Amino acid sequence: MSESTTQQGVQLSEAARAELEKLAKRYPTREALMLPALWMVQREQGWISHDAMEHVADVLGVSPVRVYAVVSFYHMFHDKPPGKYNIQVCHTLSCSLMGAERILSHLKDKLGISAKEITEDGRFMIQRVECLGACEHAPVCQINDDFVFDLTPELLDAKLEELP
Amino acid sequence: MTQRILSVNFDTENSHTLAAYERNGGYTAFRKALRMQPAEVVEEVKKSGLRGRGGAGFPAGVKWGFIPKDTDRPIYLCVNADESEPGTFKDRYIMDRDPHMLIEGIIITCWAIRSSDCYIYIRGEYDATRKVLQAALDEAYAKGYLGKDVAGSGWRLDVTIHKGAGAYICGEETGLLESLEGKKGYPRIKPPFPAVVGLFQCPTIINNVETIASVPWILENGGEAYAAIGVGKSTGTKLWCVSGHVKRPGVYETPLGIPFRELLEDYCGGMRNPDRPLKAVIPGGSSVPVLTAEEALGVNMDYESLGEKGTMLGSAGCIVMEEGTCMVWALATLTRFYADESCGQCTPCREGTGWVNDIIWRIERGGAKPDEIALVQNLCDNMMGKTICVLADACVMPVRSFFKKFRNEFDAHIENGGCTQAQPVALA
Ligand SMILES: Cc1cc2nc3c(=O)[nH]c(=O)nc-3n(C[C@H](O)[C@H](O)[C@H](O)COP(=O)(O)O)c2cc1C
Ligand code: SF4
Ligand code: FES
């Protein structure tokens with residue numbers, strides 16, 4: 001791959017850049033665009049590579065170390081490519097009371113991976129996460145951005161079946 | 001007596017749309033506010049006795065009054081929609097089902113504190129909710145209720161949603177400010193308080209979603225009418241988030257002061273399994289001291305009554321546990337949370353939450369020595385009140401209360417080399 005194509009792979013698209021500059025009018029500093037910019041990178045690229053962090057630093061006019069620090073601080077940013085489907089199972093108290101561990105062990109048996117791991121085909125990743133703010137539907141998970149409520153092993157199986 | 005203020009329209013069709021909100025009488029209170037002086041609006045909210053619903057219960061009107069009168073700097077409103085206190089999910093309901101009530105509350109609040117820029121900091125996991133809220137904002141802009149000239153008043157107001165990225169600590173108000181500024185969510189040392197030096201070094205008010213959503217009703221009906229609901233200094237209504245072993249978990253609104261027993265039996269349909277009576281309740285989100293069944297069944301749900309029982313109303317996340325739940329294991333799921341979520345800035349918190357969590361799990365799984373209970377208590381003494389923010393305290397409070405009220409279970413675990421229950425919780 002030539003230098004320019006690798007560069008392109010880590011840069012925000014024109015559309016995202018325009019969206020970001022429009023948003024810039026709402027903030028008195030460019031650094032405040034940090035989370036919005038990182039979300040855009042992750043939306044377009046699936047994760048945030050080192051090169052993409054440098055690109056963001058460049059766009060915001062801040063030093064790259066500030067971007068690295070932010071990416072590593074927040075649980076939802078991926079600094080490594082995640083699985084295609086990231087199954088985030090809540091294991092905080094209300095979900096635990098309603099059987100989160102049963103869901104996690106079912107997933108482990110089914111997919112042959114533990115939390116923080118990705119299946120060999122890159123399709124699934126499991127994460128243990130803290131309270132998702134949906135405890136009335138415990139146990140709960142999110143598959144990428146979407147909630148799955150009132151989980152049972154059967155419901156989860158059906159959901160995973162449905163995924164394209 | 002008005003029983004419901006915030007949830008009246010939760011179940012009406014298309015309740016998230018501007019049309020439905022206006023049909024239900026919405027977007028009239030802010031016009032009234034705009035005809036008043038900002039200071040008069042603040043007075044009205046002071047009169048209402050409305051207290052912050054994010055956890056600390058500080059009177060909203062009083063907080064607004066802390067904005068310096070003579071400042072020439074921009075003033076900001078930050079709406080705290082981070083909602084990450086375990087057991088709490090009410091703000092999600094407001095934003096999903098009545099986002100215009102929040103937006104109208106924002107308009108009134110910004111007018112009162114003389115702000116033209118509001119940010120709604122929403123947790124990253126609430127992406128579907130964020131989209132509903134953004135659509136509602138777009139509608140309000142299109143209608144001229146937000147933007148350069150709010151309803152023809154000549155006053156500008158912009159509202160921007162800022163999406164978090166997974167960090168409990170960004171719910172702490174100064175962690176939130178740092179995060180909004182594009183940094184790690186490290187809480188700031190206070191003072192200075194945000195009302196004086198806040199976002200971008202400017203005067204800033206931070207309020208919870210539910211607090212702001214209560215404001216339109218107060219303007220519409222008057223502070224006194226609001227103060228007439230509830231009991232004593234616990235005025236108005238409250239959204240309760242009930243989860244755990246009840247028949248009907250969910251969000252329920254009642255006036256403050258409702259007996260917990262009534263909330264449990266009449267609203268939640270009682271315990272899910274008649275053979276397993278109530279064992280314990282955490283009444284205000286995971287950070288507050290636990291109540292035994294006996295204490296819970298005798299308490300009223302208001303700031304003062306819960307305070308008298310040695311706990312707090314907090315974020316009103318009631319986590320209900322039935323007989324058969326292992327309290328060591330329950331506590332371990334909480335200490336794990338605090339250890340995971342400590343931002344790591346203060347040594348007593350970073351080291352303390354990690355160490356406490358290790359020991360509690362060792363008690364649960366086996367291998368803890370008898371003197372480790374005393375060690376945990378010692379660690380707690382070195383965490384409580386000794387850190388930049390109260391996350392360390394929020395870990396200590398459940399630990400101390402579980403030890404105090406369920407000590408025999410911890411001792412039995414140590415004696416037996418760990419938990420003897422096959423399932424630490426009874427699965428129905
Ligand atoms: C660790 C920690 C987490 C918090 N999380 C939240 C939260 O998710 N939502 C919230 O509204 N307040 C949260 N708070 C409370 C805020 O710091 C602040 O008191 C509140 O947003 C003020 O709004 P209010 O006066 O309307 O309650 C948290 C506090 C701490 C110490
Ligand atoms: S108490 Fe804990 S969470 Fe709060 S600032 Fe200190 S290290 Fe961070
Ligand atoms: S504990 Fe799992 S969503 Fe709250």
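First, a word on scope: everything that follows refers to the structure included in this document.

What counts, and where the lines are drawn
- In this numbering scheme, every chain counts its residues from 1 along its sequence in written order.
- All chains are assigned letters beginning with A, and all ligands numbers beginning with 1, in the order in which they are written.
- Reporting in this predicted model follows two pLDDT cut-offs: at least 70 for local features of residues, and 80 or more for side-chain atom pairs to be given and counted; totals over whole chains, interfaces and linings ignore these cut-offs and use all residues.
- Think of the side-chain values as coming from all heavy atoms in the structure, minus any hydrogens and water.
- A run of H or I in DSSP becomes a helix once it reaches four residues, and a run of E becomes a strand once it reaches two; helices and strands are each numbered from the N terminus.
- Burial classes: relative accessible area under 20% of the type maximum marks a residue as buried, over 50% as exposed, and values in between as partly exposed (1.4 Å probe, protein chains only).
- Contact between two residues is taken to exist if any of their heavy atoms lie within 4.5 Å; hydrogens are not considered.
- All accessible areas in this document rest on Shrake-Rupley with a 1.4 Å probe, and a residue is counted as covered only by the protein chains that are shown.
- As used throughout, the charge tally considers Lys and Arg to be positive and Asp and Glu to be negative, leaving His and the chain termini uncounted.
- Charged side chains are reduced to one point each, which is NZ for Lys, CZ for Arg, CG for Asp and CD for Glu.
- C-alpha atoms define the radius of gyration in this analysis, and the globule rule sets the expected value at 2.2 Å times the number of residues to the power 0.38.
- Nearness is judged by heavy atoms alone; a residue qualifies as near a molecule or strand once a single heavy atom is within 4 Å of it.
- Note on residue classes: Ala, Val, Leu, Ile, Met, Phe, Trp, Tyr, Cys and Pro are nonpolar, Asp, Glu, Lys and Arg are charged, and everything else, Gly too, is polar.
- The pocket and cavity definitions rest on a 1 Å grid over protein atoms only: a 1.4 Å probe that fits but cannot leave marks a cavity, an open set with protein on both sides within 12 Å along at least five of seven lines marks a pocket, and residues lining either have an atom within 4 Å of a point.
- Grid points are joined across faces, edges and corners, and a volume is the space filled by probe spheres set on the points.
- N or O atoms within 3.5 Å of each other form a polar contact, as long as, within protein, one can give a hydrogen and the other can take it, and as long as residues adjacent in sequence are counted only when both atoms are side-chain atoms.
- Every axis corresponds to a line fitted to the C-alpha atoms, with the helix fit spanning only the stretch in contact, and the corresponding angles, defined between N-to-C directions, vary from 0 to 180 degrees.
- Each angle is binned into one of four classes, with values under 35 degrees roughly parallel, values over 145 roughly antiparallel, values of 65 to 115 roughly perpendicular, and all other values oblique.
- For any pair of crossing helices, the crossing counts as left-handed if the nearer helix is rotated counterclockwise from the farther one by less than a right angle, and right-handed if it is rotated clockwise.
- By definition, a pocket or cavity contains a molecule when more than half of the molecule's atoms lie within 2 Å of the pocket's grid points.
- When two rings of Phe, Tyr or Trp (its six-membered ring) have centres within 6.5 Å they constitute a pair, described as stacked for plane angles under 30 degrees, edge-to-face for angles over 60, and tilted for the intermediate range.
- Placement of a charge over a ring requires the Lys NZ or Arg CZ to be within 6 Å of the ring centre, with the centre-to-atom vector within 35 degrees of the ring normal.

When helices and strands are tallied, chain A shows 8 helices and 4 strands. In chain A, the succession of helices and strands from N to C terminus is α-α-α-α-α-β-α-α-β-β-β-α. Reported as C-alpha extents along the three principal axes, the dimensions of chain A are approximately 45 × 40 × 25 Å. Per-residue burial for chain A yields a buried fraction of 49% across its 164 residues. Once local pairs closer than 6 in sequence are excluded, the contacts in chain A between residues at least 24 apart make up 60%. As displayed, chain A offers around 7800 Å² of accessible surface, 51% of which is attributable to carbon and sulfur atoms. Side chains of chain A carry 16 positive and 24 negative charges; the gap between the two charge centres is 4 Å.

Attention now goes to the overall build of chain B. Scanning chain B for helices and strands turns up 19 helices and 13 strands. Relative to the 2.2 N^0.38 estimate, which gives 22 Å for 428 residues, the radius of gyration of chain B is 22 Å and therefore close to what a compact globule would have. Expressed as lengths along the three principal axes of its C-alpha atoms, the size of chain B is roughly 70 × 45 × 35 Å. Burial status across chain B gives 63% buried among its 428 residues. Partitioning the contacts of chain B with sequence separation of at least 6, the portion at a separation of at least 24 is 71%. In the form shown here, chain B has an accessible surface area of approximately 15400 Å², with 50% of it arising from carbon and sulfur atoms. Side-chain charges of chain B comprise 46 positive and 53 negative groups, with the mean position of each set lying 2 Å from the other.

Let us now look at the site of ligand 2. Close contacts around ligand 2 come from 13 residues, with B:Cys343, B:Gln345, B:Cys346, B:Cys349 and B:Cys389 the closest. Partitioned by chemical class, the residues of the shell around ligand 2 number 9 nonpolar, 4 polar and no charged.

Before going further, it helps to spend a moment on the layout of surface pockets. All names here are of chain B. Within this model, the second largest pocket holds a volume of roughly 1400 Å³. Along the wall of the second largest pocket there are 49 residues; nearest its centre are Gly 54, Gly 55, Ala 56, Gly 171 and Val 390. Listing elements by their share of the lining of the second largest pocket, those giving two or more residues are α5 (90–97), β4 (204–208), α14 (303–308) and α18 (391–405). The leading source of residues in the lining of the second largest pocket is β4, at 5 residues. Grouping the constituent residues of the lining of the second largest pocket by class yields 20 nonpolar, 18 polar and 11 charged.

A separate point is the environment of B:Lys405. Residue and element names in this part refer to chain B. In this fold, Lys 405 is placed in helix α18. Between the alpha carbons of Lys 405 and Leu 291 there is a distance of 8.1 Å; along the sequence they are 114 residues apart. Residues contacting Lys 405, with those up to four places away along its chain left out, are Val 290, Leu 291, Thr 292 and Glu 295. Polar contacts involving the side chain of Lys 405 include one to the main-chain carbonyl oxygen of Val 290, which spans 2.6 Å.

Take empty space enclosed by the protein next. Residues and elements named next belong to chain B. Taken as a whole, this structure holds 2 cavities of 30 Å³ or more when the rule is applied. Within this model, the largest cavity holds a volume of roughly 80 Å³. What lines the largest cavity is Ile 169, Pro 187, Ser 342, Cys 343, Gln 345, Cys 346, Cys 349, Thr 387, Ile 388, Cys 389, Leu 391 and Ala 392. Of the residues that constitute the lining of the largest cavity, the class distribution is 9 nonpolar, 3 polar and no charged. Taken as a whole, the second largest cavity spans an internal volume of roughly 30 Å³. A breakdown of the residues in the lining of the second largest cavity according to their chemical character gives 7 nonpolar, 1 polar and no charged.

Further remarks concern the packing of helix α3 (residues 34–45) of chain A against helix α4 (residues 50–60) of chain A. Residue and element names in this part refer to chain A. At a closest axis distance of 10 Å, the pairing of α3 and α4 adopts a crossing angle of 140 degrees. With respect to α4, the element α3 is oriented oblique. Crossing of α3 against α4: the hand is right-handed. Along its contact with α3, which presents Met 34, Ala 37, Leu 38, Val 41 and Gln 45, the element α4 presents Ala 52, Val 56 and Leu 60.

With that out of the way, let us pick up the site of ligand 1. All names here are of chain B. Inspection of the region around ligand 1 gives 17 residues, with Gly 54, Asn 80, Asn 207, Asn 208 and Thr 211 positioned closest. Backbone polar atom of Arg 53 to an oxygen atom of ligand 1: 3.3 Å apart, as the coordinates give it. The contact in question runs from an oxygen atom of ligand 1 to an N or O atom on the side chain of Asn 208, over 2.7 Å. Burial of ligand 1 by the protein chains amounts to 90% of its free accessible area of 610 Å². With respect to the pocket detection grid, ligand 1 is positioned in the second largest pocket. At 3 residues, β4 tops the list of elements feeding residues into the shell around ligand 1. Considering only residue class, the shell around ligand 1 consists of 3 nonpolar, 8 polar and 6 charged.

Counted according to the given criterion, the structure contains 23 aromatic pairs over all chains. Relative to B:Tyr186, the ring of A:Phe73 has its centre 5.9 Å away and its plane inclined at 80 degrees; by these criteria the two rings are edge-to-face. Residue A:Phe73 is found in helix α5 (residues 64–73), and its partner B:Tyr186 is found in the loop between α8 (173–180) and β4; the two belong to separate chains. For B:Tyr186, a relative accessible area of 27% puts it in the partly exposed group. Relative to B:Phe406, the ring of B:Phe402 has its centre 6.3 Å away and its plane inclined at 50 degrees; by these criteria the two rings are tilted. Exposure remark for B:Phe406: the relative accessible area of 7% places this residue in the buried category. Ring pairing ties together the aromatic residues A:Trp39, A:Phe73, A:Tyr74, A:Phe77 and B:Tyr186, which thus form one cluster. A cation sits over an aromatic face here: B:Arg123 above B:Tyr126, 5.5 Å from the ring centre. Lying over the aromatic face of A:Trp39, B:Lys163 brings its terminal NZ or CZ to 3.7 Å of the ring centre.

Function cannot be inferred from these measures alone, as they are strictly geometric.
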